[in-house]
Amino acid sequence: MKTSRHGWLGLALVALGVLYLVGRAPGGPGWLWGLLGGGLFLLLARRGAPAEAAGLGSLLVGWALGALAADATGLQSLKLVGAGLGLGLWGGLERRELAAWGGGALLAAGALVFFWESPGGLFLALALLAFGAYLLLRPPAPPARASAGEADAGVFRALARWRSLRAAELGTVNTEVLSDAELGCLAALSDPQNPELVAGCLEKGGAERAAEIARVLERVRG
């Protein structure tokens, strides 16, 4: 439902009044007036005020709870954290993307301020320095290599092409050059330059044929 100009004006006037009470805090701490103001906004939203009134109420209630925690701990960053949680929660529940992002920004700002003012910030800073230096100075990762299955498939296809060409040269069938079993065994070899491993895959032929196939393997793998 579209909000009238009177509705927006009324919301703005209430917001100004609440901000004055929270800022000047007459007769009580600021967080108390924040809770009261947030509750007022939430009540107005239930009574037909613009939906943004609920967002302002959530923001104020979150800020007030954060301010209460800040008074107890001395960490002013908790005010930002509370406000971010309140606004972000409302934005998430109401599917208001802008409010959710605003709440996330307040949370991030609160985390930065907490890092700055927290007694443990020194140790966190040292940890960040150490991790950053590690990332900068660690040796580069080796280039990615194809998995064993991919490499075997590529070698198998290359050997199969060579087998077809060789069979055409000799005027015979493919399986007379290399059987399918020999082809699969050769493609899966971890060390194709080892003549004993190559010979172990061949069903016939001596050292000379094993050396020939090893040279072929070297070419197709290259």
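Refer to the preceding data block for the structure.
Residues numbered from 1 in each chain as written. Predicted model: local features only at pLDDT ≥ 70, side-chain atom pairs only at ≥ 80, totals over all residues. Heavy atoms only, no water.

**With respect to the overall build of the chain**
Check the secondary structure of the chain and you find eleven helices and zero strands. For the chain, the N- to C-terminal ordering of α and β elements is α-α-α-α-α-α-α-α-α-α-α. The buried share among the 222 residues of the chain stands at 27%. Sequence separation of at least 24 residues holds for 48% of the intrachain contacts in the chain that already meet a minimum separation of 6. For the chain, the accessible surface area stands at approximately 14500 Å², while carbon and sulfur atoms represent 66% of it. (Helix = DSSP H or I, 4+ residues; strand = E, 2+ residues; numbered from the N terminus. Buried < 20%, exposed > 50% of the residue type's maximum accessible area, 1.4 Å probe, protein only. Contact = heavy atoms within 4.5 Å. Areas by Shrake-Rupley, 256 points an atom, 1.4 Å probe, with all protein chains shown as cover.)

**Some details on helix α2 (residues 30-46)**
Along its 17 residues, α2 runs 24 Å from first to last C-alpha, staying within 8% of the 24 Å computed at 1.5 Å per residue. Turning to α2, its buried residues number three or more, namely Gly30, Gly34, Gly37, Gly38 and Phe41. All buried residues of α2 fall inside an arc of 100 degrees around its axis, so they share one side. Across from the buried face of α2, at angles greater than 90 degrees, the exposed residues are Leu36 and Arg46. (Expected span 1.5 Å × (residues − 1). Arc of directions from axis to C-beta.)

**What to know about the pattern of salt bridges**
Following the criterion strictly, the structure yields four salt bridges and no others. Among the salt bridges present, the one from Arg166 reaches Glu169, with a minimum N-O distance of 3.0 Å. Taken as a pair, Arg166 and Glu169 lie in helix α7 (residues 148-170) at a separation of three residues, close to a single helical turn. Between Arg209 and Glu182 there is a salt bridge, and its shortest N-O distance comes to 3.9 Å. Residue Arg209 is located in helix α11 (residues 207-221), and its partner Glu182 is located in helix α9 (residues 180-187); the two are separated by 27 residues in the primary sequence. Neither Arg209 nor Glu182 differs from the other in exposure class; each is buried. (Salt bridge = Lys/Arg side-chain N within 4 Å of Asp/Glu carboxyl O.)

**Some remarks on helix α1 (residues 5-24)**
The terminal C-alpha atoms of α1 lie 29 Å apart, and with 20 residues this matches the ideal 28 Å at 1.5 Å per residue to within 8%. Burial in α1 covers these residues: Leu11, Ala15, Val18 and Val22. Down the axis of α1, the smallest arc covering the buried residues is 70 degrees, so these residues share one side. Along α1, the residues that are exposed and aim more than 90 degrees away from the buried face are Arg5, His6, Leu9, Leu13, Leu16, Gly23 and Arg24. Check the buried side of α1 and you find it contacts α2 and α3 (52-73). Just past α1, the residue Ala25 takes up positive phi, approximately 45 degrees.

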